[in-house]
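Results of the structural survey
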2 protein chains.
Amino acid sequence: MAAAAVTSNGGAVAANGPAPGRLASVYSEVQTSRLLHTLPLPSVLRSNFSVVDGPASSAAGNPDEIAKLFPNLFGQPSASLVPSAEPAATRPLKVGVVLSGGQAPGGHNVICGIFDYLQERAKGSTLLGFKGGPAGIMKCKYVELTSDFVYPYRNQGGFDMICSGRDKIETPEQFKQAEDTANKLDLDGLVVIGGDDSNTNACLLGEYFRSRNLKTRVIGCPKTIDGDLKCKEVPTSFGFDTACKIYSEMIGNVMTDARSTGKYYHFVRLMGRAASHITLECALQTHPNAALIGEEVAAKKETLKNVTNYITDIICKRADLGYNYGVILIPEGLIDFIPEVQKLIAELNEILAHDVVDEAGAWKSKLQAESRELFEFLPKTIQEQLMLERDPHGNVQVAKIETEKMLISMVETELEKRKAEGRYSAHFRGQAHFFGYEGRCGLPTNFDSNYCYALGYGAGALLQSGKTGLISSVGNLAAPVEEWTVGGTALTSLMDVERRHGKFKPVIKKAMVELDAAPFKKYASLRDEWAIKNRYISPGPIQFSGPGSDDSNHTLMLELGAEL
Amino acid sequence: MAAAAVTSNGGAVAANGPAPGRLASVYSEVQTSRLLHTLPLPSVLRSNFSVVDGPASSAAGNPDEIAKLFPNLFGQPSASLVPSAEPAATRPLKVGVVLSGGQAPGGHNVICGIFDYLQERAKGSTLLGFKGGPAGIMKCKYVELTSDFVYPYRNQGGFDMICSGRDKIETPEQFKQAEDTANKLDLDGLVVIGGDDSNTNACLLGEYFRSRNLKTRVIGCPKTIDGDLKCKEVPTSFGFDTACKIYSEMIGNVMTDARSTGKYYHFVRLMGRAASHITLECALQTHPNAALIGEEVAAKKETLKNVTNYITDIICKRADLGYNYGVILIPEGLIDFIPEVQKLIAELNEILAHDVVDEAGAWKSKLQAESRELFEFLPKTIQEQLMLERDPHGNVQVAKIETEKMLISMVETELEKRKAEGRYSAHFRGQAHFFGYEGRCGLPTNFDSNYCYALGYGAGALLQSGKTGLISSVGNLAAPVEEWTVGGTALTSLMDVERRHGKFKPVIKKAMVELDAAPFKKYASLRDEWAIKNRYISPGPIQFSGPGSDDSNHTLMLELGAEL
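Here the residue numbers are simple positions, counted from 1 along each chain's written sequence. Chains and ligands are labelled by the order in which they are written, letters from A for the one and numbers from 1 for the other. Reporting in this predicted model follows two pLDDT cut-offs: at least 70 for local features of residues, and 80 or more for side-chain atom pairs to be given and counted; totals over whole chains, interfaces and linings ignore these cut-offs and use all residues. Hydrogens and water are ignored here; the side-chain numbers use all heavy atoms of the structure.

Moving on: the overall build of chain A. Secondary structure elements are defined from DSSP: runs of H or I of at least 4 residues count as helices, runs of E of at least 2 residues count as strands, and each element is numbered from the N terminus. A count of helices and strands for chain A gives 20 helices and 18 strands. The globule rule used here is 2.2 Å times the number of residues to the 0.38 power, and the radius of gyration it is set against is calculated over C-alpha atoms. For chain A, the C-alpha radius of gyration of 25 Å lies close to 24 Å, the compact-globule estimate for 564 residues. For the C-alpha atoms alone, the extent of chain A along its principal axes is close to 80 × 55 × 50 Å. The contacts of chain A with a sequence gap of at least 6 include a subset with a gap of at least 24, amounting to 78%. Carbon and sulfur atoms form 50% of the exposed surface of chain A, whose accessible area is close to 21100 Å². One finds the centroid of the 59 positive side-chain charges in chain A at a distance of 1 Å from the centroid of its 66 negative side-chain charges. Two residues form a contact once any of their heavy atoms are found within 4.5 Å. Residue burial considers only the protein chains on display, and all accessible areas are found by Shrake-Rupley using a 1.4 Å probe. The positive count covers Lys and Arg only, the negative count covers Asp and Glu only, and His and the chain ends enter neither. In plain terms, the charge of a residue is placed at NZ if it is Lys, CZ if Arg, CG if Asp and CD if Glu.

Structure below.
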């Protein structure tokens, strides 16, 4: 239980006076033990290696447009690290690193990986951390990452080593600012740790630096707990594993509670706005009575009424079996997937922008018939939220809607109806939960710790070999760490274009839940059983040693072809 | 990752066909490893022991009244188990066990402890589990707890082995029903696992059985995550340790998130309606910027405005230091501790029962001046909750008030005011959390697993020695398990009386946070530093092996005189 102050030599003594970053922090025993935990490296990174190119690459879509947008980088090959008899020629590098967007467990280990690469393989190098995200690059706000500074963050959660931010380098002026920083700091390389947008941005920056004949090369790293940045070469984004395990621990506990109490339906909303990977993974880990997958709801063009009926049907069937409890998982972005809701919101935004909203409700006549019907179908509190909570542009804030409470309320209404019709006679009690912030900053699992460390170490090697516009890629993840592959994938090969304001914009398409891929198919094949029978699994708290501590998640393993 | 079905021999093979209880369940790797985990016993329970009596006991207050209420049991000595050269004479017993009230991690291990005692020390015994709490006793609804039935619940969370309930055995008819069950099943003993009320009830039942010359003896066990059932002989209630560690893991994660993002104040409401032990323990584990302790709020006769100002002052001081983020812990029962709120609610109940509540608000003139002022001070959503959410008796449901959201709203208003006065210029963003159900049914920590197993094993020994009206008491908890003491404490010695409806009722007084005891004093001595400086600790997920896995909680250790 003894909490300990942290020092760079791993000792646990009281820190004297102010120290940078976490050096003055007090650590729990588990934090301390994680600090002392040695990180394994894939065997290719443990001895001499060289970087070899693969074949020329194309794009995920519209290669001609991508080629126009990235004249210097388009078509470049991906790279692999392979064992080599001789040590690679190296020279000291000056490298910057930046964290972009929301936190994901493991970010600190990416930085530790870059740092250790530079220390071990490119002596005399310097690593600079840009503070507060891409704004730190534009404003040239950075901190030199020394051994003392970096040490206390090894295997620790959060992004607080250098913090993150959501600014983007977009305008010509901003690209110029980045150029000025790169020149001023004499940067050989920059590692951008972020999601799909940030990696697109990293590639644009790499292209721009190349076009300006700067020596600064740019490498991306795949980060997001949402799990929606992935492809063949980048099997998963870091943070997804830890976040899903934290949520699944809590879901498992709530399931045991539901089964013990026998009288609550827990509606659990989970993070993941654009894609439902987190909900699907948590379902595979815990076997809930229902899990709504946004991508399926969209594909089947479900209405809110359909969704309500789906849940209500399960509740009624379970009531017939004597079970008046259950657990339902809901992705944060659910209502974004329901076409009729999108239509209603678009109409509301229009009305709120141009019309007077009268108390008596005459304004509602401006809604189209089906939108009006939907609006009337919504619980009153949700109607109010839709009308009152607006963003600075006056738009309805879908993000503020507590979907789990909305569904509870709609299910209640439907059950009342069925009760009146004699089709249901039990008692329903809904409990709403939102599991979000608790999962973004947990101590990274062994998988995320190791994966991130390899991503960072590999990014250092890619920069040393002169690569730019690649995303650090660690593969063969179903095998033990020693057998993992390391390399880089051309960011342009992940891109397609979207037309915005009449111009083509490059985008890395978010990886959505694929309805014909193994994870969803496994869920779909089991959900009817899980709905009615109680097949709950309680994964328990993340363990750092002992049984299960080195496993990754179901989604990744199923995608890699494992039988679970 | 391989999930496994559970069998009583510890193997992980697919269960064939339906099986009782969890036998058909699928277990996670961590659940399976916990199932295989061997439970240590205090050394006194590992070889021969005898039960010796201490001196005669009295009551916690009003001994004369307690003596009248418990003519057969009052004054009986507490008992200790001591090593003995000879094995105690034993005979097979028929024992019933019941879980009463809300879930707490470890309940299953109490039952495993009783079961193993009977198996190992009183061969030929039978253990019956009453289903669904005390109602199971009254209705004679039970299940025979066989080795196969009990095995899958070892070291597992929840109460689902036999489930729990909140019914009470109160009326003469209900006592008679319990008597009928005891006679019908020929019970030698009954173990009641519950909180303060359930243990009071256990003692009343023991007294009744004795008065009716029944052979059935009754032993209580101290259960509640709230930590408010404890005294010198019963140093802690089980479940508190696990629940606080689960909440502290999440709080630690949210703290790392706050520090990484730099822009949110997280207001975390924690379970614990009557006492604030959970909030205090979580504060000691994680070092938040503020933790409101209900007992202190009551002792200082704080108003809601005081509390709001206390938090707002911290926010302003931190803003001056450049920190626009933080974490505030709030006990679920906070507003029950604020005298003016109690007064307002009493007046509202009166008005709602007898008067017409008009839209225009003329009804408010019926509130006393200060209650009216307080009502107007409350955020609109809270006003609405107070007026709309009523229990079946028409009373305002304080439990439904989301205190964390109320405080965020009041802090926002106060900050706006200070902004207008030029005393605050930063931006405040509150995030509300309620950590409750996630903690009640987690896998019990090593401490709770071991403590409960000893409580149960000891309860078996007490029944064998003919004891009744005792609460199973395991002590010396700061030492290793081998050195723990085992015995029973006269339940009447924990009791006082309360006058209800003109009659004296026996009660075990809830143990509140003592403002002059070590845990609160430690918090009070550090909170000013925690408020301003960032001393966050992230305890991380509960570990079952490795560093920290065998520690208990700060509250218990400080109460036992340990220096932390």
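That covers the picture; the talk isn't over yet.
Attention now goes to the UniProt feature "active site" (unreviewed entry) in chain A. All names here are of chain A. Under the UniProt annotation, the feature "active site" (unreviewed entry) is placed at Asp226. You can see Asp226 is positioned in the loop between β10 (217-222) and α9 (240-261). Each residue's exposure class comes from its accessible area (1.4 Å probe, protein chains only) as a fraction of the maximum for that residue type: buried when under 20%, exposed when over 50%, partly exposed otherwise. Owing to a relative accessible area of 18%, Asp226 belongs among the buried residues under this scheme. With near-sequence residues (within four places) excluded, Asp226 lies in contact with Phe240, Met271, Gly272, Arg273, His277 and Ile278. UniProt positions are given in the numbering used here, feature names are shortened, and annotations may be inferred rather than shown by experiment.

To superpose the copies, least squares is applied to the C-alpha atoms of every residue with a pLDDT of at least 70 in both. By a simple turn and slide, chain A fits onto chain B: the slide is 0.0 Å along the axis, the RMSD is 0.1 Å, and the turn is 180°. Expressed as an axis order, the relation between the two copies is that of a two-fold axis. Interface overlap between copies is the fraction of interface residues in one copy that are interface residues in the other; for chain A against chain B it reaches 100%, indicating a shared surface.

A few words on the UniProt feature "site: Important for catalytic activity and substrate specificity" (unreviewed entry) in chain A. Within the UniProt annotation, "site: Important for catalytic activity and substrate specificity" (unreviewed entry) is assigned to Asp197(A). Pairs of N or O atoms are called polar contacts if they sit within 3.5 Å, as long as, within protein, a hydrogen donor faces a hydrogen acceptor (for residues adjacent in sequence, only side-chain-to-side-chain pairs). In terms of polar contacts, Asp197(A) uses its side chain to reach the side chain of Lys168(A), at 2.9 Å.

The next point concerns the pairing of strand β14 (residues 430-435) of chain A. Residues and elements named next belong to chain A. Every second residue of β14 is oriented toward a common face, the buried set being Gln431, His433 and Phe435 and the non-buried set Gly430, Ala432 and Phe434. One requirement defines pairing of two strands: DSSP has to find at least two bridges between them. Across 6 bridges, strand β11 (residues 265-270) lies against β14 in parallel orientation. Paired with Phe267 across the two strands is Ala432, which belongs to β14.

Positive phi outside glycine occurs at Lys301(A), with the angle close to 50°. Position of Lys301(A) relative to the elements: it lies in the loop between α11 (294-299) and α12 (304-320). When its relative accessible area of 64% is taken as the criterion, Lys301(A) is described as exposed. A positive phi angle, close to 55°, is found at Cys140(B), a residue other than glycine. Counting through the fold element by element, Cys140(B) comes out in the loop between α5 (134-138) and β7 (142-144).

What follows covers the side chain of Thr286(B). Residue and element names in this part refer to chain B. Tracing the backbone shows Thr286 in helix α10 (residues 277-286). In this structure the side chain of Thr286 is engaged in a polar contact, spanning 2.7 Å, whose partner is the backbone oxygen of Cys282. Once residues within four sequence positions are removed from consideration, Thr286 is found in contact with Ser248, Ile251, Gly252, Met255, Leu329, Arg535, Tyr536, Ile537 and Pro539.

Before going further, it helps to spend a moment on the interface of chain A and chain B. Listed as interface residues are 61 residues of chain A and, on the opposing side, 61 residues of chain B. Computed with a 1.4 Å rolling probe, the buried area is the accessible surface lost when two parts are put together, summed over both parts. Between chain A and chain B lies a buried interface of about 4700 Å² when both sides are counted; carbon and sulfur atoms form 54% of it. Here a salt bridge means any side-chain nitrogen of Lys or Arg lying within 4 Å of a carboxyl oxygen belonging to Asp or Glu. Between chain A and chain B we count 6 salt bridges in total. Remark: the boundary between chain A and chain B carries 28 residue pairs in polar contact (both at pLDDT 80 or more). Elements supplying a minimum of two residues to the side of chain A that touches chain B: β2 (26-27), α1 (29-35), α9, β14, α17 (437-440) and α20 (554-559) of chain A. A total of 10 residues in the side of chain A that touches chain B trace back to one element, the largest contributor, which is α9(A).

Next up on the list: the sheet that holds strand β13 (residues 326-331) of chain B. Residues and elements named next belong to chain B. Strand order in the open sheet formed by 4 strands is β12-β13-β11-β14, with parallel pairing between adjacent strands. At either margin of the open sheet sits one strand with a lone partner, and together these are β12 (290-291) and β14 (430-435). Across the face of the sheet, α10 comes into contact with β11 (265-270), β12 and β13 while running at roughly 155° to β13. Lines are fitted to the C-alpha atoms to define the axes, a helix being fitted only along its stretch in contact, and any angle between axes, read from their N-to-C directions, falls within 0 to 180 degrees.

A few words on the sheet that holds strand β12 (residues 290-291) of chain A. All names here are of chain A. Taking strand neighbours across the sheet as the criterion, the 4 strands line up as β12-β13-β11-β14 in an open arrangement whose pairing is parallel. Each having just a single partner strand, β12 and β14 make up the two edges of the open sheet. This element, α12, spans β11, β12 and β13 (326-331) of the sheet and lies at about 150° to β11.

Residue position: Thr32(A) is located in helix α1. Residues Thr32(A) and Asn155(A), spaced 123 residues apart in sequence, show a C-alpha to C-alpha distance of 9.6 Å.

A word on the environment of Cys231(B). Its place among the elements puts Cys231(B) in the loop between β10 (217-222) and α9 (240-261). The class of Cys231(B) is partly exposed, set by a relative accessible area of 25%.

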